[in-house]
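Here is how the chains run, residue by residue.
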Amino acid sequence: MTGPIPDTTDVLIVGAGMAGSHLALELLEAGRRVTILEAGPRKPRMDWMSVFTNNPTKGPQAPYPSNDWAPFPQDNGYGTFYDQAGPMEFVGAYLRIYGGSTWHWTGFADRLRPADFRMKSTYGVALDWPVSYDDLRPHYVKAEKIWGVAGSMDYTWGAPRDEPYPMPPIPASYMDSRVDIALKEMGLHSGIFSHARNSVPFDGRPPCCGNNTCVPICPIGAKLDGSVIADKAEAAGAEIITEAVVTTIHIGDDGQVSGMEVTRPDGSKSTITANIYALCCHAIENPRLLLMSAQENAPNGVANGSDAVGRYLITQANQDTKGVTKDPVFPYRGPQQTSGLLELRDGDFRSSHAAIGTSFMNSGHSGNSDGTNVAKQLIDQGLRGQELAQELNRIVSRHLRLNSSGEILPDPDNRLTLSDELDSAGLPKSRIHYSIDDYTRAGMAISQKMNTEVLQRLGSTEISSNEVYLSNAIIGGTARMGDDPNTSVVNSHQQSHQHSNLYIMGSSAHVTMPVNAPTLTIAALAMRTAGHILG
């Protein structure tokens, strides 16, 4: 609903994405009154699909036009959306809509490995989390049951588990089996991923039918997204108000949050108070709001006594290696990623170089744009009609791309600050400074060499790798958790060290960003935080 803002509530949650919706659902089950403010609009899936269909750009943001009152990045616009401080261009994509950024996520449903929480203790690099795998394990189990995760007990991606996956696995694609031929010759191994994607009908949603547009949108809702959890929260009694942008957090003389100022698209403003406040509005918007709320009782920004808000921005390094195989591998059959390389994801080598997650991209050389790009090239060569169709099929059926993602160690100088430039809502843009070190580049060099050999063994031509670039999808660390208030923003329950009635949640609280996807951990941490609030 886009109705009026209430004067007060019990628990106020900012953001109707995965973290906020899971937190709300847990609190509502315990009888608490919950209000969720979502900056962006709420639209049916087919409205987003219509935009995607008509948008000639088929990137991760394609179905989701930005709004002047709550802007977010658009494809091909990252260079201007962020105030880029360099040396690397930051291309983090996120959404400000009902359901949040999981509308355009891949759909991986991995737990983190035990060692991922203990990087300093285990490998002597990065930092340890103030929570352990065992702390989150029961919450992982509950989240998987709500989501309906599809997976195989033969491939748990380094996370110990006794509990079977709620659904049978999404099968490997034919393309995966072709890659596996080369891997076996190299003494390497592949496995199928666990998915927040239905392999059978579940929770009123259909099974995946292989539309292969997972990023940016699943047309039929087989892939879970945050709107599913938000709908559950609303059905349980949450008051969800969309198109309501929180612009200021007020801090009282007692050091507690005393209210939040909300602006609507028409420019009207109001203030809402609560007993408990939770920021769940993404690892970019969380620190931006905290820094924008600098005031007499929080001169460096809310929750920023440690000067850690906006620092330790973490993403992943990416590199694509692609070629044209001798024999057809037939990409685009099934979801966009079904299998990946087992090696290089964890081990003692993490003392000296980054862990790498390599996926076999079941989406050609360039995802949703591959067929269009090739068709344009062939048309320029003079091909038309049946000859064009045959040559297009011949080429695209042989397109193989391996994508490697490498972990980046947390660095206080990789950070978000407020820019002097203003966005379309008249608020300071996020200024991003980012670089990656030799630890990450060493891991990426190993994976690039390995991926090239896979393509060579498949008789590929036109083999190439792009320069290492920053991930479009993985963003965290900007309000990280820790036991020391002097070096972190929140404690192990995602509660602000400075303001005990404020929780800052989502991947902004994550300490490291390993190669297993963070979303299931976001949900598990939200559930754990709910338990802390309930006492």
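Residues numbered from 1 in each chain as written. Predicted model: local features only at pLDDT ≥ 70, side-chain atom pairs only at ≥ 80, totals over all residues. Heavy atoms only, no water.

Q: Is there a simple way to explain the nonpolar core in this structure?
A: Inside soluble globular proteins, nonpolar side chains tend to come together where they are buried. Ranked by size, the top nonpolar core spans 118 residues in total, and within it Leu-37, Phe-90, Trp-147, Ile-249, Met-260, Leu-290 and Leu-502 carry the most contacts. Examining the composition of this core, we find that six residues originate from one element, helix α5 (residues 133-147), more than from any other. With residues near it in sequence (within four places) discarded, Met-260 still touches Leu-12, Val-14, Val-246, Thr-248, Ile-249, His-250, Ser-270, Thr-271, Ile-272, Tyr-277, Leu-279 and Leu-502. Of all hydrophobic cores here, the second largest spans 24 residues; its members include Ile-13, Tyr-98, Ala-278 and Met-505. (Core = buried A, V, L, I, M, F, W, Y, C linked by side-chain atoms within 4.5 Å. Buried < 20%, exposed > 50% of the residue type's maximum accessible area, 1.4 Å probe, protein only. Helix = DSSP H or I, 4+ residues; strand = E, 2+ residues; numbered from the N terminus. Contact = heavy atoms within 4.5 Å.)

Q: I tried to follow the sheet that holds strand β5 (residues 239-241) on my own but got confused; where do I start?
A: Hydrogen bonding along the main chain pairs the strands of a sheet, whether they run parallel or antiparallel. Taken in spatial order, the five strands make up an open sheet running β5-β2-β1-β9-β18, and their pairing is parallel. Of all the strands in the sheet, just β5 and β18 (502-504) have a single pairing partner and so form its edges. Across the sheet, the mean angle from the axis of one strand to that of its neighbour is 15°, orientation sign disregarded. Of the pairings in the sheet, the one linking strand β1 (residues 11-14) to strand β2 (residues 34-37) comprises four bridges and is parallel in character. Bridging from a neighbouring strand, Val-14 pairs with Leu-37 of β2. (Pairing = 2+ DSSP bridges. Axes fitted to C-alpha atoms, helices over the stretch in contact; angles between N-to-C directions.)

Q: I'm lost on the environment of Asp-348 in this one. Help?
A: The topology assignment puts Asp-348 in the loop between β11 (337-341) and β12 (356-361). Residues Asp-348 and Tyr-123, spaced 225 residues apart in sequence, show a C-alpha to C-alpha distance of 6.7 Å.

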